[in-house]
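# Coordinates in review
Residue-level listing of the chains:
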Amino acid sequence: LTQRTRIQDLEVVKNIFGNNGQDGFHFVRTENGSLNAVVFEDNESTNNLGDGFDLYAENSVDDRLDFQLRRNDINNNAEYGVRIDVQAAARIEVAFDTNDVLGNGHTANVIGFHPYDASGGFAGNAGAAGGVGIFGFEEVEIVFDAVDSRINGNVGDGIGIDAFDYRDTVRVDLSLTDVEL
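Remember, predicted model here, so these are calculated numbers, not experimental data.

What follows deals with the sheet that holds strand S3 (residues 25-30). Taken together, the five strands give an open sheet; going across it, the order is S3-S6-S9-S12-S15, and neighbouring strands pair in parallel fashion. Strands at the two margins of the open sheet, each flanked by one partner only, are S3 and strand S15 (157-163). On average, adjacent strands in this sheet sit at an angle of 5 degrees to one another, irrespective of strand direction. Two strands pair when backbone bridges link them, and strand S6 (residues 53-58) and strand S9 (residues 82-87) are joined in this way by six bridges, in the parallel orientation.

Quick look at the nonpolar core now. Formed by 30 residues in total, the largest nonpolar core has its most connected members in Phe-40, Phe-67, Leu-69, Val-82, Ile-84, Ile-92 and Phe-96. Put simply, the parts of the chain that give this core at least two residues each are S3, strand S4 (34-41), S6, strand S7 (65-70), S9, strand S10 (91-97), strand S12 (130-137) and strand S13 (139-147). Examining the composition of this core, we find that four residues originate from one element, S13, more than from any other. Ignoring sequence-local partners within four residues, the contact set of Phe-96 consists of Leu-69, Val-82, Val-101, Val-132, Phe-144, Asp-145, Ala-146, Val-147, Ser-149 and Ile-151.

This part takes up the confidence of the model for the protein. Across the protein, the average pLDDT comes to 84, with 80% of residues at or above 70. Counted against residues more than four places away or in other chains, residues 112-127, with its pLDDT under 50, gives 26 contacts.

Strand order in the open sheet made by the five strands is S2-S5-S8-S11-S14, with parallel pairing throughout. On the outer flanks of this sheet lie strand S2 (16-18) and strand S14 (150-152), each paired with one strand and no other. Within the sheet, the average angular offset between the axes of one strand and its neighbour, ignoring direction, is 5 degrees. Pairing geometry for S2 and strand S5 (residues 44-46), over three bridges, is parallel. If you follow Phe-17 over to S5, its bridge partner there is Ser-45.

With that out of the way, let us pick up the pattern of salt bridges. In total, this model carries nine salt bridges according to the counting rule given. We note a salt bridge from Arg-71 to Asp-42, for which the minimum N-O separation is 3.0 Å. One end of the pair, Arg-71, is in the loop between S7 and strand S8 (73-75); the other, Asp-42, is in the loop between S4 and S5, with 29 residues separating them in the sequence. Overall, the relative accessible area of 41% leaves Arg-71 in the partly exposed class. One salt bridge in this structure joins Asp-100 and Arg-150, with 2.9 Å as the shortest N-O distance. On the criterion of sequence distance, the pair formed by Asp-100 in strand S11 (residues 100-102) and Arg-150 in strand S14 is long-range, its members being 50 residues apart. Salt bridges here are not isolated pairs; linked through shared partners, they connect Glu-41, Asp-42, Arg-70 and Arg-71.

Let us now look at the pairing of S9. Burial analysis of S9 places six of its six residues in the buried class, the great majority of the element. By the alternation rule, side chains of S9 split into Val-82, Ile-84 and Val-86 and Arg-83, Asp-85 and Gln-87, which are all buried. As paired elements, S9 and S12 share six bridges and run parallel to each other. Its bridge partner being in S12, Val-86 is matched across the sheet by Gly-136.

Reading the values: the criteria
Residues numbered from 1 in each chain as written. Predicted model: local features only at pLDDT ≥ 70, side-chain atom pairs only at ≥ 80, totals over all residues. Heavy atoms only, no water. Pairing = 2+ DSSP bridges. Helix = DSSP H or I, 4+ residues; strand = E, 2+ residues; numbered from the N terminus. Axes fitted to C-alpha atoms, helices over the stretch in contact; angles between N-to-C directions. Core = buried A, V, L, I, M, F, W, Y, C linked by side-chain atoms within 4.5 Å. Buried < 20%, exposed > 50% of the residue type's maximum accessible area, 1.4 Å probe, protein only. Contact = heavy atoms within 4.5 Å. pLDDT = per-residue confidence, 0-100. Salt bridge = Lys/Arg side-chain N within 4 Å of Asp/Glu carboxyl O.

Dropping the structure here:
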């Protein structure tokens with residue numbers, strides 16, 4: 001979605017995203033594209049060479065972008081089970097309810113992987129692939145509310161929160177209720 005694009009809601013329900021050469025599902029919103037909510041429900045994202053779900057928002061300050069992930073099975077992806085990448089004054093809220101994020105963050109031969117490991121710009125991300133990766137660049141706001149979910153058995157982080165560098169302001173409101181990490 002780019003500027004002046006208007007969609008009421010996007011619902012992705014009962015799909016299988018498997019064995020892809022990159023991400024299972026890749027979503028991008030930039031330049032204040034108008035979208036009320038993105039709902040992922042009862043999906044399976046497995047064995048992808050990138051992320052299971054890759055959610056990206058940039059320059060979208062007009063409203064908060066809401067993601068709802070419910071009852072998804074996100075497993076055995078080479079990078080993150082769920083990557084949330086928020087940049088340049090974007091604001092998002094993620095309701096994460098009854099999801100399984102298991103065994104992510106490795107290649108087919110079970111070697112840990114993270115796309116930024118070779119970069120000196122990201123401090124402390126050795127072994128950072130895995131369950132849920134939350135990344136912020138510039139000044140962003142992220143609300144992540146997880147309930148009754150399993151995020152475990154991943155290579156590296158269960159949940160990782162990273163800013164690009166020390167000059168960035170990443171406001172995160174993280175709530176975990178009955179989450180197995």
